[in-house]
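# Examination of the molecular architecture
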Amino acid sequence: MNWPLISILQLAVLAAVFYALWRKDRNSRLELERVRQAATQAGQQSIQSLNREAARQEAFLNSLVEGLLLLDENGLVLRMSRSLEKAFNLDPAYPGRSLMEVFRLHELLDLVARAKVEGQVLAYELDLPGRVARRFQVNATVLRDENQQPQGYVLTFHDVTRLKELEKTRQEFVANVSHELRTPLSIIKGNVETLLDGAKDDPAVSERFLRGILKHANRLAWLIDDLLTISRLELGKVALNIQEVSLSGLVSRAFEDLAARAAERQVRLLNEVPAGLAIQADPDRLLQVLVNLLDNAIKYGDAQGEVRAGGRLSPKGGVEMWVADSGPGIPAEAQSRVFERFFRVDRARSRDQGGTGLGLAIVKHIVLSHGGKVWLESQPGRGSTFFFSLPTPGGHEE
Ligand code: ADP
């Protein structure tokens, strides 16, 4: 009787022990698996977060307009912004290469050497020769560890090409304006001095000097008017008063304004604009365009010649207008420059005719503000034709 009882008890104990051992083993295996999974997950998460960080850095470097360059402590290239890569047209396989190898500019090496000694170099002007010359303002800073040992360098590149061009244009403009103002003023001053010195006592002589004063005072007034128009146009202060404009009617108004000038040179004015041709535009500004072009055609075209104003619907939509004269024409090399402020083919002739050198610049501004284009065709000895296009409102020409 005892036997089986003992055996059953023993078996039960053994089973309990095995069960406990099995549970323990299973638990520890599960625990181990949990730890392993947790480690894998943590690893993946940290890889993901590293990837995210790298993507963020990449996006940051790609979105920078300024050029950014990172060098290690030995001056080897680590990273740079995409804008810098493009600006210097660099091979993207630059990481780990030397500065000289990548940029081939000894100025950058000098700059890094200076930054190492001085800590920071600001606003170093770097000229980049090439088909289109560029200028950069470069700042260089050394990064140091707690023992003041260089750990790397950061260089930033700011493209100042456009800024420099604008500055040059501004300086040239100021110089031109001063010159244009001084010339008539000194003539007026000279005439007044001559009159005061005795010329006033001779009516015939004094009339000549007084007429000279009037002519140059007028020139000054026109110049100031044109300067104010240009500056208002450039500042965008001229709001266009867009309405339906009959182009033939507008040419007739311009002819009336210029009738006396045309009669003086016995120039025949011909309005060849089709009667129904119309466009949405600012009539006063457009009148100014036509008056400036017709005035040039009268004064630079042949005396006793003809000036024609024409127009047609443009195949691109909108209209094309032109003013043609039978004068000496404009040399090919000057044609691309006549719309620049103060550019003249024949300076003396322009001055003598009271020209300010701003008429065509104003024409260009007004046409551009309507979304159109200006151009000219001319062959020496065979006259000039100035064209401008006006798109239908809302349209823009390429
Ligand atoms: P300006 O006040 O000198 O006439 P514009 O800007 O109107 O200034 O014209 C610039 C220059 O272009 C003129 O000085 C002249 O040399 C040249 N030009 C303009 N229109 C004509 C034309 N129809 N024929 C010949 N030359 C012209």
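Here the structure is shown first, and the text comes after it.
Reference entry: report on the structure contained in this document. This structure is a prediction, so every number in the text was calculated from the model and none was measured.

## A look at the side chain of K299
With respect to the helices and strands, K299 occurs in helix α8 (residues 283–300). Since its relative accessible area comes to 6%, K299 is described here as buried. Look past the residues within four positions of K299 in its chain and what remains in contact with it is R261, R265, R349, Q353 and G355.

## Quick word on α8
The end-to-end C-alpha separation of α8 is 25 Å, in line with the 26 Å expected for 18 residues at 1.5 Å each. Of all 18 residues that make up α8, 15 are buried, and the element is covered over most of its length. Sitting at the head of α8, D282 places a side-chain oxygen 3.1 Å from the backbone nitrogen of D284.

## Things to note about the pairing of strand β4 (residues 134–144)
With 7 bridges joining them, strand β3 (residues 120–128) and β4 adopt antiparallel strand pairing. From the neighbouring strand, V121 faces β4, where its bridge partner is A140. What sits between the antiparallel neighbours β3 and β4 is a turn of 5 residues, in which G130 has the positive phi angle 155 degrees. When β4 meets strand β5 (residues 150–159), the two strands line up antiparallel, connected through 9 bridges.

## Here we look at the sheet that holds strand β2 (residues 77–80)
What the 5 strands build is an open sheet, ordered β2-β1-β5-β4-β3; its pairing is antiparallel. Looking at which strands have only one partner, the edges of the open sheet turn out to be β2 and β3. Ignoring strand direction, the axes of neighbouring strands in this sheet form an average angle of 20 degrees. When strand β1 (residues 67–72) meets β2, the two strands line up antiparallel, connected through 3 bridges. Looking at β2, one finds that L70 is bridged to R79.

## Comments concerning helix α6 (residues 203–234)
The end-to-end C-alpha distance of α6, which contains 32 residues, comes to 46 Å, matching closely the 46 Å that a straight helix rising 1.5 Å per residue would cover. Capping the start of α6, D202 holds a side-chain oxygen 3.1 Å from the backbone nitrogen of A204, two or three residues further along. Looking at the residues trailing α6, positive phi occurs at G236, about 70 degrees.

## Side note on unusual backbone geometry
The phi angle at R104 is positive, at roughly 55 degrees, despite the residue not being glycine. Examined against the element boundaries, R104 turns out to sit in the loop between α3 (99–103) and α4 (106–118). A positive phi angle, close to 70 degrees, is found at F342, a residue other than glycine. For F342, the position within the fold is in the loop between α9 (332–335) and α10 (347–352).

## Focus on the packing of helix α5 (residues 161–196) against α6
Following both chains from N to C, one finds α5 and α6 inclined at 160 degrees, their axes separated by 9 Å at the closest point. Overall, the two elements α5 and α6 adopt an arrangement that is roughly antiparallel. Our pair here, α5 against α6, has a crossing hand that is left-handed. For the contact of α5 with α6, the residue count by class is 17 nonpolar, 6 polar and 2 charged.

## Overview of the sheet that holds strand β11 (residues 373–378)
Pairing is mixed across the open sheet formed by 5 strands, whose spatial order is β7-β9-β10-β12-β11. The open sheet has two edge strands, β7 (268–272) and β11, and neither has a second partner. Within the sheet, the average angular offset between the axes of one strand and its neighbour, ignoring direction, is 15 degrees. Of the pairings in the sheet, the one linking strand β10 (residues 319–325) to strand β12 (residues 384–390) comprises 6 bridges and is antiparallel in character.

Cut-offs used in this document
Residues numbered from 1 in each chain as written. Predicted model: local features only at pLDDT ≥ 70, side-chain atom pairs only at ≥ 80, totals over all residues. Heavy atoms only, no water. Helix = DSSP H or I, 4+ residues; strand = E, 2+ residues; numbered from the N terminus. Buried < 20%, exposed > 50% of the residue type's maximum accessible area, 1.4 Å probe, protein only. Contact = heavy atoms within 4.5 Å. Expected span 1.5 Å × (residues − 1). Polar contact = N/O pair within 3.5 Å; in protein donor to acceptor, adjacent residues only side chain to side chain. Pairing = 2+ DSSP bridges. Axes fitted to C-alpha atoms, helices over the stretch in contact; angles between N-to-C directions. Parallel < 35°, antiparallel > 145°, perpendicular 65-115°, else oblique. Left-handed = near helix turned anticlockwise from the far one by under 90°. Nonpolar A, V, L, I, M, F, W, Y, C, P; charged D, E, K, R; others polar.

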